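So you can see what is in the structure, the chains are spelled out below.
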Amino acid sequence: MRKLTAFESRPFGHRPTIVTASKIHTMDPTAPNAEAFLMIGPEIVAVGSLAHCREAAAEHGGQYPDFRDFAGATIVPGFIDAHAHPLMYGQMMSWVDCGPDKASTIGEIVELLKEAAAKIPNGLPVRGYGYEHRNLLEERHPTRFELDAVALDREVYLMNASGHGGVVNSYTFELNGITSATPNPDGGEFFRDGSGELTGELSDAACNILTGVDGVKIGHHGPNFHLADEPAEHLRQLGVAQESFLAGGVTSIGDAQVSRREFDMYLRLAAENQLKVRVSMYLLSHLLDDALDMGLHGQFGNAHLSFAGIKLYADGTLGGWTAYFPDGYVGDPCRTGQLYHEPSAYKELIRKAHAAGLQTATHAQSPTAIEMVIGSIESALAEHPDADARHRIEHCGLPTLDQINRMAAAGIYPVNQPQHYYNWGEGVQQAIGTPGERFNPLGEFIAAGVPVTISSDAPVAEPRPLEAIQAAVTRVTRNGHKLGANNLCITAAEALAAHTINAAKALGREDDLGSLAVGKKADFAVLAQDPLTFAADRISSIGVLATWIDGTCQYTADQGADSNQTDRHVPANTPSALHAVNS
C-alpha cells in the first residue's frame, strides 16, 4: 500500500513538554506501557520512564521542560474512527432526534415531529432520524399516513437508524410525482402494501427524490444519503460534527463517502484553519476515472486532510433489510435486498483501482455480497500481486468462516461497527434467523489472523469509541440480549487496538498515527478510567476528559484545560516543576 508521505518538517520553537498520567497505554507492541512521553510541537520524541523523557528533553534544549500531569487518569492514543460520515452526521444533528432514548412508539415519534413542525417556518421540510422499527412498541415502520399528521403542506422525512432509507409523508410523494405505478429505481425501492399502495417507506436509491442527483451519484455506485443545504450551512454542520468526534476522544476520521460536496467542505474548513481532526477521504466509485485522470495513484495530501482511496457499494444494509439475500429474508420473504453492481462490472472497478495502486473500501454485508468482493480482490491480486494492498470490506457483517480465512490470505481488512449490534442486533436475527447471531464476528476474525478495526459509521451510531469497545467485548445489545457465542467477543485490549493502531493501518497511517511512539503525532485521549481494567459492561460510561491533536488540547470535558484538576500544568523554568510531576 502506498502510504501518505508527510509534507511537514518538524517545527522549531516549541517547548518540550513531558506528559504523565496514572496509566499510559501506548499501543506500541514493543513498549505497551509507559510512565511518560515527551512531545515537542506536534510530535512525540521520547516514550518510556520519566527519567528517560527528562534526559531527552535536555538533549532537545529543554533543561526545564513543561509538564502535563494527568493524575488519576489514563492516556491512550487518539481514537481513529476509520468509517464515518461527518457531514451527514453534522446535518442530522440539526434534525429531530427520534431515537430510542426519545421515543418508543410511533405515536411518540409523530408528536416529536409535530412539535418541531410548529417551530419550523412554513414550507421548510421536517426531518427526523434515529428510529429503529424493531425497537418500537409496534415493531413496524411508521406509514406515510401517520406522518401526514405532522404536515400535509411540506415534506416530512423520518430517516431509519440504518441511514439507508426511512419514511416520507404523502406530500413528498405528490411533490415528486411518485405514485403506486412508479417503478422502483435501480438500487432502491418504494415499498408497497399488499394491495400495491405506497406505504411511505423507501430505501437506498429511492431516496433520490429527497437528495437529487447532484453531489452523490446513485444508481449502481451507491445510495445518495446526503441532503443538500447551502454551503455555509454545510460548513457549520461539519464544524459541529467534528466537535462531537473530539468529545469522544476521536482524533482521526476515515470519511467513507466523499463526493465533490464533502471535498469542498473539507477544503473550506481547512482554509479557515478550522479543521481540527484529521480526515482521510474515500471518494465514491463514480469518481474513480476522475481520480485516475488526475494522477491519484496512491495516497495524497497532508497530515490533516488526505485522499485515501475509493469507496464502493456491493449491497445494502442489514438494519434496513436491503443487504442482498437472494432467497429472501426470514422476517420478510418478499424482500431480497440488492447488489449495486453486476459481479463482472464490480470486478472491473476493483481491477482498475488495484492496478493503479489505490486502496478500495467496499460496503458489503451479506455472504453473497462479501463473496463478490473477496473474489474480485483475489482476481486483482493474481493479476497484480501486492502483499500490502489493504483492500477493505466495510461492515462485513456476515462472512462465512471460509471467507474469513480467504480474507486473511488476501490481506483484506474488515472495518466493523459493534455499535450496530448494540443498537439493533436483535433485528438481524429477526431478519435472517439464527445466523444473525454471528453479525460482526470479531472473535472469529482474530482467530483467523485477520486484523480487526472498529468504527462508528456515524451518524448510524454516535462517534463514541468507548461504547464501541464495550459492545465488542460484551456483545450485549441495548435491550440486554447477548448476541452469539463467547468466541465472537474480543478482549478490551484487542478492542482498544482495533480503534487505534489497527484503524491507523486500515487508513495506511500507522507510520504517524495509532500509537504513542517516537516520531508519531502527539494525538491522544485522556480517560477518567482505564478501559482495560474497568468493568466490561461499564466501559461506555468512562468519561473522556481531554482530546489532544498535534500536541495541542482540542477538547476538554469542562471546556477549560487549565481548570481540569486531572491536568496539572506546571510552569516551565522552575525547579519546582521537577518535583511537582512526582507529587
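The structure presented is a predicted model; accordingly, all values stated were derived computationally and were not measured. (Residues numbered from 1 in each chain as written. Predicted model: local features only at pLDDT ≥ 70, side-chain atom pairs only at ≥ 80, totals over all residues. Heavy atoms only, no water.)

## Regarding the overall build of the protein
Assigned secondary structure in the protein consists of 18 helices and 23 strands. Taken over C-alpha atoms, the radius of gyration comes to 24 Å for the protein, in line with the 25 Å a tight globule of 583 residues would show. When burial is assessed residue by residue, the protein has 61% of its 583 residues classed as buried. The long-range share in the protein, meaning contacts at least 24 apart out of those at least 6 apart in sequence, stands at 72%. Placing the 42 positive and 69 negative side-chain charges of the protein at their respective mean positions leaves the two points 3 Å apart. (Helix = DSSP H or I, 4+ residues; strand = E, 2+ residues; numbered from the N terminus. Rg over C-alpha atoms; globule rule 2.2 N^0.38 Å. Buried < 20%, exposed > 50% of the residue type's maximum accessible area, 1.4 Å probe, protein only. Contact = heavy atoms within 4.5 Å. Lys, Arg positive; Asp, Glu negative; His and termini not counted. Charge placed at Lys NZ, Arg CZ, Asp CG, Glu CD.)

## What about the pattern of salt bridges?
All told, the structure shown has 24 salt bridges when counted by the stated rule. A salt bridge links Arg-390 to Glu-510; the nearest nitrogen and oxygen atoms lie 2.6 Å apart. With a gap of 120 residues between them, Arg-390 in the loop between helix H11 (367-383) and strand E17 (392-395) and Glu-510 in the loop between helix H17 (501-506) and strand E20 (524-527) connect regions that are remote in the sequence. The same class applies to Arg-390 and to Glu-510, which are both buried. Through salt bridges that share partners, Glu-371, Glu-378, Asp-402 and Arg-406 make up one connected network. (Salt bridge = Lys/Arg side-chain N within 4 Å of Asp/Glu carboxyl O.)

## As for the packing of H11 against helix H12 (residues 401-410)
Put simply, H11 and H12 touch, their axes get as near as 11 Å, and they point 30° apart. By the angle between their directions, the pair H11 and H12 is classed as roughly parallel. Classified by chirality, the crossing of H12 by H11 is left-handed. Residue-level inspection shows Pro-367, Ile-370, Glu-371, Ile-374, Gly-375, Glu-378 and Leu-381 of H11 in contact with H12, the latter providing Gln-403, Arg-406, Met-407 and Ala-410. When grouped by side-chain class, the residues that make up the contact of H11 with H12 number 6 nonpolar, 2 polar and 3 charged. (Axes fitted to C-alpha atoms, helices over the stretch in contact; angles between N-to-C directions. Parallel < 35°, antiparallel > 145°, perpendicular 65-115°, else oblique. Left-handed = near helix turned anticlockwise from the far one by under 90°. Nonpolar A, V, L, I, M, F, W, Y, C, P; charged D, E, K, R; others polar.)

## Digging into the confidence of the model for the protein
Across the protein, pLDDT averages 90, with 92% of residues at or above 70. Within the model, pLDDT remains below 50 along residues 5-12, and this stretch shows 9 contacts once partners closer than five positions in the same chain are excluded. Long-range and interchain partners of residues 214-218, a stretch whose pLDDT sits below 50, account for 17 contacts in this model, where long-range means more than four residues apart. (pLDDT = per-residue confidence, 0-100.)

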